[in-house]
Amino acid sequence: MGLQTSLSSNVAATRILPYRGAIELNPNREDPDVDVGSLDPILAPFNGATEVTGTWEGKLAFDDAPYLWNGTIKGGVTPTGATAKAWVWQAASLTADAFGAVTDQWGDDYTTDVIVGGYGVIDQLEVGFDEDLTAMDVNADLIYARGELCLGFTGGLTIDSTPNWVYGADTEVYLDSAFGSIGSTKLTDGVHGVTVNINNNLDQKRFANGSNTRFNLSGFGRGPREIEVTLVLAKTSATV
């Protein structure tokens, strides 16, 4: 995948993400529901709105996390600090943050037959860990503005074979009732598992502009964002 800023222009891949998944390109062709005096359909089908979706599933690594938050929460965030490793993803509620879109290359062992998803963003993301406190799971659903075939992958890229995983065992959870003190009271010996689900409810835009890309998406609008956190808790005085 590669970070993309222009809706109309795909980019070359710059990183391989360690996920499994599939891309689905649905042209939504339909047969006219009419009577033509034939037992079999004889009219050519008509096109509908092209739908291009994909899934990412795997484990969460620290170096891959910014790509997830970029595609889910907002784009254009840069790290700060002496080693440029602190990221602040603060979403706006009263204005629409910029989208962090990507170009994705999908394929298999037949490396000259690749489907490219252009201008993809994450519609729904779930990360979390179970009571074994192992590396966090990633489940993402993506929507792309368009999909097309190409003749091969971007060359020269290798996957990170020694990622630093984000473990449940290294996670801390804080519970505070006053907004001014959020992040002050840690739940000790109280949290067994955590799941965070972010649903963007993206509004898909299409316009009648008479162009040869008329069935592709023309953009996205941000819908009412839903964030749900599920905790598996021990019965302590703090959690009860």
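Let me begin by describing the structure that accompanies this report. (Residues numbered from 1 in each chain as written. Predicted model: local features only at pLDDT ≥ 70, side-chain atom pairs only at ≥ 80, totals over all residues. Heavy atoms only, no water.)

## Structural notes on the overall build of the protein
Next, step 1: The secondary structure content of the protein amounts to one helix and 11 strands.
Next, step 2: Traced from its N-terminal end to its C-terminal end, the protein shows the element sequence β-β-β-β-α-β-β-β-β-β-β-β.
Next, step 3: Oriented by its inertia axes, the alpha-carbon framework of the protein measures out at about 75 × 45 × 35 Å.
Next, step 4: When the 240 residues of the protein are sorted by exposure, 33% land in the buried category.
Next, step 5: Sequence separation of at least 24 residues holds for 67% of the intrachain contacts in the protein that already meet a minimum separation of 6.
Next, step 6: When the accessible surface of the protein is summed, it comes to about 14700 Å², and 51% of that surface belongs to carbon and sulfur atoms. (Helix = DSSP H or I, 4+ residues; strand = E, 2+ residues; numbered from the N terminus. Buried < 20%, exposed > 50% of the residue type's maximum accessible area, 1.4 Å probe, protein only. Contact = heavy atoms within 4.5 Å. Areas by Shrake-Rupley, 256 points an atom, 1.4 Å probe, with all protein chains shown as cover.)

## Topic: a nonpolar patch on the surface
Next, step 1: There is a patch of nonpolar side chains on the surface, built from Val34, Val36, Ile42 and Leu43 and spanning about 350 Å² of accessible area.
Next, step 2: Tracing the backbone shows Ile42 in the loop between strand S3 (23-26) and strand S4 (51-59). (Patch = residues over 30% accessible without salt bridge, like charges linked within 9 Å, V, L, I, M, F, W, Y side chains within 5 Å. Salt bridge = Lys/Arg side-chain N within 4 Å of Asp/Glu carboxyl O.)

## Side note on helix H1 (residues 65-72)
Next, step 1: In terms of residue burial, H1 counts as a mostly covered element, since eight of its eight residues are buried.
Next, step 2: Residues of H1 that are buried: Ala65, Pro66, Tyr67, Leu68, Trp69, Asn70, Gly71 and Thr72.

## Observations concerning the pairing of S4
Looking along a regular strand, one sees the side chains alternate between the two faces of the sheet.
Next, step 1: Looking at chain direction, strand S2 (residues 19-20) and S4 are connected through two bridges and run antiparallel. Across the sheet, residue Tyr19 finds its bridge partner in S4, namely Gly58.
Next, step 2: Judged from the four bridges that link them, S3 and S4 form a sheet pairing that is antiparallel. From the neighbouring strand, Leu25 faces S4, where its bridge partner is Val52.
Next, step 3: Bridge count between S4 and strand S7 (residues 137-150): eight bridges; the pairing is antiparallel. Of the residues in S7, the one forming a bridge with Val52 is Tyr144. (Pairing = 2+ DSSP bridges.)

## What to know about the pattern of salt bridges
Next, step 1: Going through the model one piece at a time under the given rule, you end up with five salt bridges.
Next, step 2: Of the charged contacts in the structure, one is a salt bridge between Lys59 and Asp137, with a shortest N-O distance of 2.7 Å. Taken together, the residues span a long stretch of sequence, with Lys59 in strand S4 and Asp137 in strand S7 at a distance of 78 residues.
Next, step 3: Asp137 sits in the partly exposed class, given a relative accessible area of 28%.
Next, step 4: Its salt-bridge partner being Glu172, residue Lys186 comes within 3.1 Å of it at the nearest N-O pair. Residue Lys186 is found in the loop between S7 and strand S8 (191-199), and its partner Glu172 is found in the loop between S7 and S8; the two are separated by 14 residues along the sequence.
Next, step 5: Overall, Glu172 belongs to the partly exposed group, its relative accessible area being 45%.

## Regarding the nonpolar core
Next, step 1: Ranked by internal contacts, the top residues of the largest apolar core, which has 29 residues, are Trp56, Leu68, Trp69 and Leu125.
Next, step 2: Only S4, H1, strand S5 (101-106), strand S6 (114-129) and S7 provide two or more residues apiece to this core.
Next, step 3: Excluding residues within four positions of it along the chain, Leu68 makes contact with Tyr19, Trp56, Leu60, Ile122, Leu125 and Val138.
Next, step 4: If you look at the next biggest cluster of nonpolar residues, it comprises nine residues, including Phe99, Ala145, Leu217 and Phe220. (Core = buried A, V, L, I, M, F, W, Y, C linked by side-chain atoms within 4.5 Å.)

## Here's the deal with unusual backbone geometry
Next, step 1: One non-glycine residue, Tyr119, lies in positive phi territory at about 50°.
Next, step 2: Within the secondary structure, Tyr119 is located in strand S6.
Next, step 3: The class of Tyr119 is buried, set by a relative accessible area of 12%.
Next, step 4: Although it is not a glycine, Leu133 adopts a positive phi angle of roughly 60°.
Next, step 5: Mapped onto the elements, Leu133 comes out in the loop between S6 and S7.

## Some details on the environment of Thr50
Next, step 1: Take Thr50: it is sitting in the loop between S3 and S4.
Next, step 2: Residues Thr50 and Thr171, spaced 121 residues apart in sequence, show a C-alpha to C-alpha distance of 41 Å.
Next, step 3: Those residues within four positions of Thr50 in sequence are excluded, and the remaining contacts are Leu25, Asn26, Pro27, Arg206, Phe215 and Asn216.

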